[in-house]
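Here are the chains, one letter per residue:
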Amino acid sequence: MTPEPLTDDEIAARLADLPGWQRTGNAITRTYRHSYHETVHLAMYVAAKAREVGHHPDIHITWQRIRFDSTTHDAGHRLTAKDFELAHHIDAIAAGHGAEPV
């Protein structure tokens with residue numbers, strides 16, 4: 001079953017509950033800072049959670065930075081509740097690994 005895209009008002013309300021996340025077009029994004037090797041570890045833990053919940057972010061790793069972008073491909077690259085649920089998981093995993101928000 002394809003998730004239902006959220007309205008702009010619903011997106012704004014959900015973003016208010018996710019400090020540090022920003023809307024970039026039809027995705028939400030957040031960047032963290034940590035050592036290079038720890039960003040790689042963080043990516044693996046997020047990937048494991050993504051597999052568990054069945055929703056996968058794009059992950060971009062650069063020197064001491066990791067950025068997560070989430071959109072729902074099945075909904076035509078639009079934002080759905082799944083993106084915001086995953087963002088909460090990412091925040092919890094990042095905090096547990098000592099990653100600092102950028």
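As shown above, the structure is provided for reference.
Residues numbered from 1 in each chain as written. Predicted model: local features only at pLDDT ≥ 70, side-chain atom pairs only at ≥ 80, totals over all residues. Heavy atoms only, no water.

**Quick notes on the nonpolar core**
Counting residues in each nonpolar core, the largest one holds 20 residues, and the members touching the most others are Trp21, Ile28, Tyr32, Leu42, Phe68, Phe84 and Ile90. For this core, the elements supplying multiple residues, two or more each, are helix H1 (8-16), strand E2 (27-33), helix H2 (36-53), strand E4 (65-70) and helix H3 (81-96). With six residues, H3 is the largest single contributor of residues to this core. Dropping the residues within four chain positions of it, Phe68 is found in contact with Trp21, Ile28, Thr29, Arg30, Tyr32, Leu42, Val46, Pro57, Asp58, Ile59 and Ile90. (Core = buried A, V, L, I, M, F, W, Y, C linked by side-chain atoms within 4.5 Å. Buried < 20%, exposed > 50% of the residue type's maximum accessible area, 1.4 Å probe, protein only. Helix = DSSP H or I, 4+ residues; strand = E, 2+ residues; numbered from the N terminus. Contact = heavy atoms within 4.5 Å.)

**Side note on unusual backbone geometry**
Positive phi is not limited to glycine here, since Gln64 has a value of about 60°. With respect to the helices, strands and loops of the structure, Gln64 is situated in the loop between strand E3 (58-62) and E4. By relative accessible area, which is 30% here, Gln64 ends up partly exposed. Even without glycine at this site, His77 takes up a positive phi of about 60°. As for its placement among the helices and strands, His77 is situated in the loop between E4 and H3.

**Details of the pairing of E2**
Taken across its seven residues, E2 has five buried, putting it largely inside the fold. Linking strand E1 (residues 22-24) to E2, which pair antiparallel, is a turn of two residues; within it Gly25 sits at a positive phi near 65°. Pairing geometry for E2 and E4, over six bridges, is antiparallel. Its bridge partner being in E4, Thr31 is matched across the sheet by Arg67. Here E2 runs beside strand E5 (residues 100-101); their pairing, made up of two bridges, is antiparallel. Within E5, the residue paired with Tyr32 across the bridge is Pro101. (Pairing = 2+ DSSP bridges.)

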